[in-house]
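# Topology and contacts: notes
Residue-level listing of the chains:
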Amino acid sequence: MPQQKTLTFSITDPPYENARSTTALRLISLAIERGYDVNVFAYEGAVALPFAKQAPHANAVHQRDAAEENHPNPKDWIAAVLAEAATRGRKLDWVNCGLCADERGVSESIPGTRRGSPADLLKFVEESHNTLVIPTK
Amino acid sequence: MAEYLFIASRDPFESEEVKHFYGLALGLAQESNTVTLFLVQNGVLPARTSSRSKLLTNLVANGVEVLADDFSLRERGIPTSRLAEGVKPASLGVVIDQLALGRKALWN
């Protein structure tokens, strides 16, 4: 690439609800793999995606303990893409809407993410090569 | 003329909005804009030959590039041999490539 490009993704869906969250993380991962810097603005329910207190659990119906259940938590996927970005020397700036997080009691996010406001989204859009808004239904 | 990337994540059997989204893509293509419709998640369901796949073949006939996420197809057990005429399987990386090229992107 002759010039470093930055892509911005705005996401709104909460975890454990819709495949849009998975697709968004696939896109973020692909962008990093392809050498782009990435901004993420998590708005509304999406602020719970990197919530640090997500926990794996057992499944009594299936008679499986937490390890056997191997329940995926999006905070771990986000940590993985943050690590991938660091390994590749790319920037992944993940901003959670602070008021949205306060409303939902999910302000404790994993390291590598930060608190912000919709003003950050405006700044991201202005500074990025392109922006994809992934709205909730 | 402008270049557009439409990303359709919903099944037209689920919502009438999807047809309006296709209609916007069609209108832009008919005005000589470059338009790609990328199907993902349940958005790939009409790509399997069915009563609703005519909506997609009509887009192809009018110059819209219609692509279906290969991962979403595999998740739903849709072999590429069952895809409607003109619909092509593609990697999600196409979305990144087109965003990087500056395409105007819309998600539904």
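Everything discussed here concerns the structure shown above.
Summary of the structure given here. If you're wondering where the values come from, they're calculated on a predicted model, not measured in any experiment.

Let's shift gears to the packing of helix α1 (residues 19–33) of chain A against helix α3 (residues 74–88) of chain A. All names here are of chain A. Relative orientation of the contacting elements α1 and α3 amounts to 10°, with a least axis distance of 10 Å. Our classification of the angle between α1 and α3 gives roughly parallel. Residue-level contacts link Leu25, Ser29, Ile32 and Glu33 of α1 to Trp77, Ile78, Val81, Glu84, Ala85 and Arg88 of α3. Counted by class, the contact of α1 with α3 contains 6 nonpolar, 1 polar and 3 charged residues.

As summarised here, the arrangement of the 5 strands in space is β4-β3-β2-β1-β5 (chain A), forming an open sheet in which the pairing is parallel. Every interior strand has two partners, whereas the edge strands, β4 (113–116) and β5 (130–134) of chain A, have only one. Neighbouring strand axes in the sheet, compared pairwise and without regard to direction, differ in orientation by 20° on average. Pairing analysis gives 6 bridges linking strand β1 (residues 6–11) of chain A to strand β2 (residues 37–42) of chain A, with the strands arranged parallel. When the sheet's bridge partners are listed, A:Phe9 is paired in β2(A) with A:Val40. Its contacts with the sheet place α1(A) against β1, β2, β3 (92–97) and β5 of chain A, and it is angled at close to 170° to β1(A). Along the sheet, helix α4 (residues 93–100) of chain B contacts β1 and β5 of chain A; its crossing angle with β1(A), the most-contacted strand, is approximately 120°.

Calculation rules
- Residues numbered from 1 in each chain as written.
- Chains lettered and ligands numbered in written order.
- Predicted model: local features only at pLDDT ≥ 70, side-chain atom pairs only at ≥ 80, totals over all residues.
- Heavy atoms only, no water.
- Axes fitted to C-alpha atoms, helices over the stretch in contact; angles between N-to-C directions.
- Helix = DSSP H or I, 4+ residues; strand = E, 2+ residues; numbered from the N terminus.
- Parallel < 35°, antiparallel > 145°, perpendicular 65-115°, else oblique.
- Contact = heavy atoms within 4.5 Å.
- Nonpolar A, V, L, I, M, F, W, Y, C, P; charged D, E, K, R; others polar.
- Pairing = 2+ DSSP bridges.

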